[in-house]
Amino acid sequence: LFTTSQTKLVRGLTSLGVPYKAGLTLATALRYIPVFFSIFQSVSEAQRARGLDLSGKVNAAGKKRNIFVRLVDRFKSYLPIIAVLIRAYKMSQSVGWAMESRGLNLNRNGVKRTYRVNLTMRIADWIILVITIAATAGSVWLMTWLS
C-alpha cells in the first residue's frame, strides 16, 4: 500500500476481475485512512485543550478507578469527538460529488471500460502469489500449532 499508487492498485484489482467501482472504493478508503486519523488527532487535541480528560484513569478526587468503570468513562469521554464524523461526512460528500462530476456514476449499458495498458499475470507473478499464500497459510498454521 505504501509502494503502489492508487491508479495501479485499482488497475490491478480490475484485471483480477474486481469491478472498477469496488476497486476504486477500496483504494479511496485506504487513501483517506491517514487523513481521518490526523483529523481525529486534531479534534482530540482541541478537546484536550478545552479541558476534556480522555484517559479516564482518575476521578475528580484523584482516586484510581477499576478497569470497567475506566473503560465506560473513556468511551463516554470520546463522545464529544463526533466532530470527526461530521468532518469525515463532509469530506466524503465532496469526494463523491467530485467523482460524480467526472462521470464515474454514469451507467451506460453495453459500454465496457477501456485501458491504455492491459495487465496480465505472468509466470513470475503466479509464483510469487503461490509463495505468498503458502507462507501466510504456513504462518497461521504454525501460530495455531505453537499456541
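Use the structure listed above.
The model shown is predicted, which means the values in this text are computed figures rather than measured ones. (Residues numbered from 1 in each chain as written. Predicted model: local features only at pLDDT ≥ 70, side-chain atom pairs only at ≥ 80, totals over all residues. Heavy atoms only, no water.)

Draft legend 1. View of the overall build of the protein chain. Looking only at helices and strands, one finds 5 helices and 0 strands in the protein chain. Reading the protein chain from its N end, one meets helices and strands in the order α-α-α-α-α. Within the protein chain, the proportion of its 147 residues that are buried is 14%. Partitioning the contacts of the protein chain with sequence separation of at least 6, the portion at a separation of at least 24 is 59%. When the accessible surface of the protein chain is summed, it comes to about 12100 Å², and 64% of that surface belongs to carbon and sulfur atoms. (Helix = DSSP H or I, 4+ residues; strand = E, 2+ residues; numbered from the N terminus. Buried < 20%, exposed > 50% of the residue type's maximum accessible area, 1.4 Å probe, protein only. Contact = heavy atoms within 4.5 Å. Areas by Shrake-Rupley, 256 points an atom, 1.4 Å probe, with all protein chains shown as cover.)

Draft legend 2. Region of interest: helix α1 (residues 6-15). Listed as buried for α1 are V10, R11, L13 and T14. Angular distribution of buried residues about the axis of α1 spans 165 degrees; they occupy a single face of the element. Considering only its buried residues, α1 is in contact with α2 (20-49). Looking one or two places after α1, you find G17, whose phi comes out positive at around 105 degrees. (Arc of directions from axis to C-beta.)

Draft legend 3. Quick look at a nonpolar patch on the surface. A contiguous nonpolar patch, built from L16, V18, M121, W126, L129 and I133 and spanning about 550 Å² of accessible area, is present on the exposed surface. Note that V18 resides in the loop between α1 and α2. (Patch = residues over 30% accessible without salt bridge, like charges linked within 9 Å, V, L, I, M, F, W, Y side chains within 5 Å. Salt bridge = Lys/Arg side-chain N within 4 Å of Asp/Glu carboxyl O.)

Draft legend 4. Just the packing of α2 against helix α4 (residues 82-101), in detail. Running from N to C, α2 and α4 cross one another at 145 degrees; their axes reach a closest spacing of 10 Å. Of the two elements, α2 crosses α4, and the hand of that crossing is right-handed. Packed against α2, whose contacting residues are L24, T28, Y32, V35, F36, I39, F40, S42 and V43, the element α4 presents A83, V84, R87, A88, M91, V95 and M99 at the interface. By residue class, the composition of the contact of α2 with α4 is 13 nonpolar, 2 polar and 1 charged. (Axes fitted to C-alpha atoms, helices over the stretch in contact; angles between N-to-C directions. Left-handed = near helix turned anticlockwise from the far one by under 90°. Nonpolar A, V, L, I, M, F, W, Y, C, P; charged D, E, K, R; others polar.)

Draft legend 5. Structural view of the packing of α1 against α2. Running from N to C, α1 and α2 point in directions that differ by 145 degrees, and their axes come no closer than 9 Å. α1 and α2 meet at a crossing whose hand is right-handed. Where α1 approaches α2, its residues Q6, L9, V10, L13 and T14 are matched on the opposing element by Y20, G23, L24, L26, A27, T28, L30 and R31. In terms of residue class, the contact of α1 with α2 is made up of 8 nonpolar, 4 polar and 1 charged.

Draft legend 6. Region of interest: α4. For α4, which comprises 20 residues, the first-to-last C-alpha distance of 29 Å matches the rise-based estimate of 28 Å (1.5 Å per residue) to within 8%. Within the sequence span of α4, burial applies to V84, A88 and V95. What you see down the axis of α4 is that its buried residues fit within an arc of 30 degrees, all on one side. Residues of α4 that are exposed and point over 90 degrees away from its buried face: Y89, K90, W97 and S101. Structurally, α4 contributes buried residues whose contacts are with α2. Immediately beyond the C-terminal end of α4, within one or two residues, lies G103, with a positive phi of roughly 90 degrees. (Expected span 1.5 Å × (residues − 1).)

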